[in-house]
Amino acid sequence: MAESNRASPGAYREGGTAELRARAVQFMARRHRFRLAEAAPWLLAILAFFLFPDRMAFGTQVLIMVLFAVSLDLILGYAGIMSLGHAAFFGIGAYTAALLSARLGWNEPITGLFAAAALAALIGFISGWFLLRYRGLTLLMLTLATAIMVLEFGNARADLTGGYDGVNGIAISPLFGVFDYDLYGHTYYIYSLAVLFILFLVVRQIVYSPFGQALIGIRENVRRMHAIGSPVHWRLVTVYTIGAAIAGVAGALFAQSNAFVTLGVLSFERSAAVLVMLILGGTGRLYGAFVGAIVYMVLEDNLAKLSPAFWEFGVGLLLVLAVLFARRGLLGLIEDFGRLIGERPRR
Amino acid sequence: MPHFANVIVSILFDGLAYAMILFIISVGLSITMGLMGFVNLAHGAFAMAGGYLAVTLTRSWGVPFIPSLVITFLVVGAASVPFERLLYARLYMAGELDQVLLTIGLTLMAIAGYTFFYGTQPQSMGVPSYLTGQIDLGFREFPAYRVLMIAVGAILIAILWYGFERTSIGAKIRAAVDNRRMAQSIGINVDRLFMLTFAVGGGLAALGGALAVYIMGITPTFAIQYLVLFLIVVSVGGLGSIKGTVLAALVLGIFDNAGKYLYPTGGAFFIYAVTVLLLLLRPSGLYGRE
Amino acid sequence: MTAAPLEIRGLCKKFGALHVARDISLTLEHGARRALIGPNGAGKTTLVNLITGVFAPSAGNVLLDGNDITHLSEAQRARCGIARTFQINQLFGDLTVIENLCLAVGERTGACNQFWRPAGAKRAVTDEALDYLESLQLVEDALTLVRKLPYGRQRLVEIAIALAQRPKLLLLDEPTAGVPSSETHLILDTIDRLDRGIAILIIEHDMDVVFRFADRITVLVAGKVLIEGTPKEIMADERVRAVYLGQEGGREAPHG
């Protein structure tokens, strides 16, 4: 029987492994650093402002969808929470901002965003606490049913929400009291871009933190996470709440920029659309949300005009093809291509 | 009958008819999900296909009502097999999300297709005159068509129950639902079994869709609109259980109908609230396995 | 007199009508090297699952260092000092080995509650993770994706993760299962070198390994403890021979 030969940490540290250790330490330390390519989407967004000044209203909606998709990527792509009802938080945020202005006369935009985030986060926390004990089909059903409940509640309280006719008369006061809103949506574009940028940095920080690593662990192997003592349920509820808050901000931006909100913001169609965007772009990559949302919105803008049925068919077909052949989305395809020509893709 | 009781009976009766449709459409979904663990959100599209096929048969081709129902069952049932073999079978080992995405994609394609060919207006079906009136059941008169729905539902429940509990195929299905690997290891050809159940399930969905046309009309959004209800019936009843599907369909059908009658706006809220509560308490449904 | 690292009293578990554990009682002494053997289906992995908290028992108690942990969740028990390896590796295949270990260390130290500072910024976590890798001679694979490692080395990562929890009690479920014979010595040498401060229970079929490793053996049959004793006592016992029919002088217990 082996004698007491303590395999204590540190007992085997020798010169030979020093080099290897240093490389590993460096890897961990540099994981989160900004890569040059990450500047691309932001430069593109600014470029678009100058190249397409008359399409800024559309551009704002694209940015809003990117933000919405980023919030879904956080909970689905990173934490593996399968939700068919994420639009509930988008809608709650939209109605909060809308009603603040139209019913309570509170027109300051940025506090509108905070209020929307707060309410969406609250609902996210409460529903998440109950729902996230489950996984798989049960969770899908629960998120779907919960979102429909929110929709039906909105429908029932048409006095509050205006039902399918919606809430209008949303008047947003100038940003910081200085920047007024022009007909072309220029101010809204910059405003949305700034909000997206800040929140994106927040999400990026979370994703590269130890908490973010734990989320990936939960997604990849929840059994192992339980076995190493991870408080899985709390981690999931936390990220779900954050995701709900950000979706709420996206909804608020939507309400503010459109000056009009209907129950459509709470619909299954909206939950499905953001899911499609994310799958198209690639989950768990943060920038997949950018790619997917932009591609989806541009295609929709061009094809839905031709024929809504044609567009719907195309989305369905894209989805089927993506699941069968390009499961990791466009970014996944790009990564594979990159690997083919010799680069080493980083997560 | 006193007026109050009359209203109750009407609500129950309508709810029962509605429940039968829910059952007929959902039972296929329950068995296939319980058997293969495949989340098929395109099931609503099969029901929709049945509805449209029945419309074309009775209106454009003058096929009588009952034969149309039978043909619908057979044709859609057979047509679902290539879907299963060529598309679904590729994702049996994939995660639920992939299955959800694939089947939603198929559903969207179906909706777009039917919009293109039939337009967005609700279509109706040719129904023989003996079904458009009332039938006297002794203590009261009831709409004939709904009596038919309930009758068809009852007959199908009996046939399915018998097939499930008393035939060897039924036994094999139950065994495979219970423990697929074990069933395979004792020589049950699970793939063929699944093809059969999928075809029957699809055919039944189509039959239910066809039956529903007279009551609810058929539009291209049928596939998604009622999908949630089918999913609820299946989740609440428990995957792979006929008994569960019957019970869930009854409860949901009657309460949804009652809710719509008594609280037209927002009555649906309660159905979803009850569903959420039930799933939180019993995540595998009333008769599902862990 | 300090409490035993692990004490199980009258543990029972039923799944419906199926009794998978019947009145199991067992005590692990300090520095225990205990082997748990028995025919397939005897309930060995189930017992480990009951100890670690994957299932709650139908009856009975589990005590860790004298504290009743029967009502704690799996994660809570892990934080109290129980670590396990699974019969089939449960690792994070798409992450590098160092990331796998940093997760385990991070969860134990509470670093994973941090959602602002980057994962690599806490140098202490990475260093500790590397220490475990060094003790298992895995440092050269630190930057390799786990799913690209040969199975034997993945099994070592599985053990490293368990060690990273700094457990008081370590449960190894067939640590050599699936490992090609050319690589088993890696695992066995590692187990030999494990700290005597940790109480270890190992499920094993290979009697060579059992004799090399175990101070005491518990034999589990059909959910009940048949006998418990030193290796000599076990091999001399009539009932054990009867269970392992036709294995006289055999080196392996029957596999399913």
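Within every chain, residues take consecutive numbers counted from 1 along the sequence as written. By the order in which they are written, chains take letters starting at A while ligands take numbers starting at 1. Since the coordinates come from a predicted model, pLDDT governs what is reported: local features require at least 70, and pairs of side-chain atoms require 80 or more to be given and counted, while whole-chain, interface and lining totals use all residues.

A. Geometry of the overall build of chain C. Helix and strand labels come from DSSP, where a helix needs a run of H or I of at least four residues and a strand needs a run of E of at least two; each type is numbered from the N terminus. Within chain C, the secondary structure is distributed over 9 helices and 10 strands. Each of the three principal axes of chain C carries a C-alpha extent, and together these read 60 × 40 × 40 Å. Exposure classification rests on a simple neighbour count of other C-beta atoms within 10 Å of a residue's own: a residue reaching 20 or more is buried, one at 12 or fewer is exposed, and one in between is partly exposed. C-beta atoms are placed from the backbone. In chain C, which comprises 256 residues, the proportion classed as buried is 51%. Here the contact rule is simple: place C-beta atoms from the backbone, and any two residues whose C-beta atoms are within 7 Å are in contact. Taking as baseline every contact in chain C between residues at least 6 positions apart, the subset at least 24 positions apart corresponds to 67%.

B. How the structure looks around the overall build of chain A. In terms of helices and strands, chain A carries 15 helices and 2 strands. A compact globule built from 347 residues would reach a C-alpha radius of gyration of about 20 Å, and chain A, at 22 Å, matches this within 12%. By principal-axis analysis of the C-alpha atoms, chain A measures approximately 80 × 45 × 45 Å. When burial is assessed residue by residue, chain A has 53% of its 347 residues classed as buried. Contacts spanning at least 24 positions in sequence make up 78% of the contacts within chain A whose residues lie at least 6 apart. Computation of the radius of gyration draws on C-alpha atoms, with the globule rule given as 2.2 Å multiplied by the number of residues to the power 0.38.

C. Quick peek at the interface of chain A and chain B. Taken together, the 31 residues of chain A in the interface contact 33 residues of chain B. Elements represented by at least two residues in the side of chain A that touches chain B include exactly α6 (136-156), α12 (268-281) and α14 (308-325) of chain A. Note on residue classes: Ala, Val, Leu, Ile, Met, Phe, Trp, Tyr, Cys and Pro are nonpolar, Asp, Glu, Lys and Arg are charged, and everything else, Gly too, is polar. Grouping the amino acids of the side of chain A that touches chain B by side-chain chemistry returns 24 nonpolar, 5 polar and 2 charged.

D. Quick peek at the arrangement of the chains. Counting contacts across all 2 pairs of chains that touch, the top-ranked interface belongs to chains A and C. Nothing in chain B touches chain C; the tightest C-alpha to C-alpha distance between them is still 11 Å.

E. Fine view of the environment of Ile104(B). Examined against the element boundaries, Ile104(B) turns out to sit in helix α4 (residues 96-118). By the C-beta count within 10 Å, which is 26 here, Ile104(B) ends up buried. Counting along the chain gives 59 residues from Ile104(B) to Ala45(B), while the straight-line C-alpha distance between them is 9.6 Å. Discounting residues that sit within four places of it in the chain, Ile104(B) has contacts with Ala272(A), Leu319(A) and Leu41(B).

F. A look at the environment of Glu174(C). Here Glu174(C) is to be found in the loop between β7 (169-173) and α6 (184-192). Once residues within four sequence positions are removed from consideration, Glu174(C) is found in contact with Gln87(C), Ile203(C), Glu204(C) and His205(C).

G. Looking closely at unusual backbone geometry. Residue and element names in this part refer to chain C. Phi angles above zero are rare outside glycine, and Asp65 is one such case at about 55 degrees. Turning to its location among the elements, Asp65 is positioned in the loop between β4 (59-64) and β5 (67-68). C-beta crowding within 10 Å serves as the criterion here: with 16 such atoms nearby, Asp65 is assigned to the partly exposed category. Of note, Glu174 is a non-glycine position whose phi angle comes to about 45 degrees, a positive value. Looking at Glu174, the number of C-beta atoms within 10 Å reads 20, which means it is buried.

H. Inspection of the sheet that holds strand β2 (residues 18-28) of chain C at higher detail. All names here are of chain C. A pair of strands is treated as paired once DSSP finds two or more bridges between them. Judged by pairing direction, the sheet is antiparallel, and its 4 strands sit side by side in the order β2-β1-β4-β5 without closing on themselves. Either end of the sheet is taken by a strand with one partner, and the two such strands are β2 and β5. Summarising the sheet, β4 and β5 pair through 2 bridges and their orientation is antiparallel. Bridging across to β5, Leu63 finds its partner in Asp68. Whenever a helix is involved, its axis is fitted only over the stretch in contact; in every case the axis is a line through C-alpha atoms, and angles between N-to-C directions fall within 0 to 180 degrees. Packed onto the sheet, helix α1 (residues 44-52) meets β1 (6-15), β2 and β4 and runs at close to 65 degrees relative to β2.

I. Broad picture of the nonpolar core. For this analysis, nonpolar core means a set of buried Ala, Val, Leu, Ile, Met, Phe, Trp, Tyr and Cys residues linked through C-beta atoms within 7 Å. Core analysis: the biggest nonpolar cluster contains 297 residues, and Val249(A), Leu101(C) and Ala160(C) have the highest contact counts within it. Domain extents, as shown, originate in an automatic or database domain assignment. Of the domains in this structure, domain 1 (1-81 + 168-256) and domain 2 (94-166) of chain C are the two that each give at least three residues to this core. Contacts of Val249(A), omitting those with residues within four sequence positions, involve Leu67(A), Gly93(A), Leu113(A), Ala116(A), Ala117(A), Val195(A) and Leu199(A).

J. Fine view of the domain arrangement of chain C. Residue and element names in this part refer to chain C. Domain assignment breaks chain C into domain 1 (1-81 + 168-256) and domain 2 (94-166). Here domain 1 and domain 2 have C-alpha centroids that lie 26 Å from each other. In this assembly, 10 residues from domain 1 lie in contact with 8 residues from domain 2. In terms of residues, the side of domain 1 that touches domain 2 owes the most to one element, α6, which gives 3 residues. When grouped by side-chain class, the residues that make up the side of domain 1 that touches domain 2 number 7 nonpolar, 2 polar and 1 charged.

K. Representation of the pairing of β2(C) within the structure. Residues and elements named next belong to chain C. As defined by bridge partners, β1 adjoins β2 across 7 bridges and the pair is classed as antiparallel. When the bridges of β2 are listed, Ile8 appears paired with Leu26. The antiparallel hairpin formed by β1 and β2 contains 2 residues in its connecting segment, where Gly16 sits at a positive phi of about 65 degrees.

L. Representation of the confidence of the model for chain C. Residues and elements named next belong to chain C. pLDDT gives the predictor's per-residue confidence on a scale running from 0 to 100. Here chain C shows a mean pLDDT of 89. Residues at 70 or above account for 95%. When pLDDT is averaged over each element of chain C, strand β6 (residues 82-85) comes out on top at 96 and helix α9 (residues 238-243) at the bottom at 83. Note on residues 246-252: pLDDT is under 50 here. Beyond four places in sequence and across chains, it has 8 contacts.

M. Summary view of helix α3 (residues 97-109) of chain C. All names here are of chain C. An expected span of 1.5 Å times one less than the residue number is assigned to each helix. With 13 residues, α3 should reach 18 Å at 1.5 Å per residue; the first-to-last C-alpha distance of 18 Å fits that figure. Of all 13 residues in α3, 12 are buried, a share of seventy percent or more. Among the residues of α3, those classed as buried are Val97, Ile98, Glu99, Asn100, Leu101, Cys102, Leu103, Ala104, Val105, Gly106, Glu107 and Arg108. Just downstream of α3, Gly110 is the residue with a positive phi angle, here 85 degrees.

N. Quick peek at the interface of chain C and chain A. Facing 47 residues of chain C, the contacting portion of chain A comprises 45 residues. Secondary structure elements with two or more residues in the side of chain C that touches chain A: α2 (74-80), α3 and α4 (123-135) of chain C. A total of 8 residues in the side of chain C that touches chain A trace back to one element, the largest contributor, which is α3(C). Counted by class, the side of chain C that touches chain A contains 21 nonpolar, 9 polar and 17 charged residues.

O. Inspection of the sheet that holds strand β3 (residues 33-37) of chain C at higher detail. Residue and element names in this part refer to chain C. The sheet built from 6 strands is open, its strands ordered β6-β7-β8-β3-β9-β10 with mixed pairing. With partners counted over all chains shown, the strands left at the sheet margins are β6 and β10 (224-229), one partner each. Taking each pair of neighbouring strands and ignoring which way they run, the sheet shows an average axis angle of 20 degrees. Packed on one face of the sheet, α1 meets β3, β6, β7, β8 (199-203) and β9 (216-221) and runs near 150 degrees to β7. Its contacts with the sheet put helix α5 (residues 151-164) on β6 and β7, and the angle it makes with β6 is roughly 175 degrees.

P. Main features of the confidence of the model for chain A. Averaged over chain A, the pLDDT score is 88; the fraction of residues at 70 or greater is 92%. Between residues 1-13 of chain A, whose pLDDT stays under 50, and residues either more than four places distant or in other chains, the model counts 21 contacts.

Q. Summary view of the environment of Arg123(C). If you trace the backbone, Arg123(C) turns up in helix α4. With 53 residues separating them in the primary sequence, Arg123(C) and Thr70(C) have C-alpha atoms 36 Å apart.

R. Seen up close, the pairing of β1(C). As paired elements, β1(C) and β4(C) share 5 bridges and run antiparallel to each other. The residue of β4(C) that forms the bridge with Arg9(C) is Asn61(C).

S. Quick peek at helix α2 (residues 43-60) of chain B. Residues and elements named next belong to chain B. The terminal C-alpha atoms of α2, which comprises 18 residues, lie 25 Å apart, in line with the 26 Å expected from a rise of 1.5 Å per residue. The element α2 is extensively covered by neighbouring structure, given that 15 of its 18 residues are classed as buried. Taken from the residues just after α2, Gly62 is the one with a positive phi, measuring 65 degrees.

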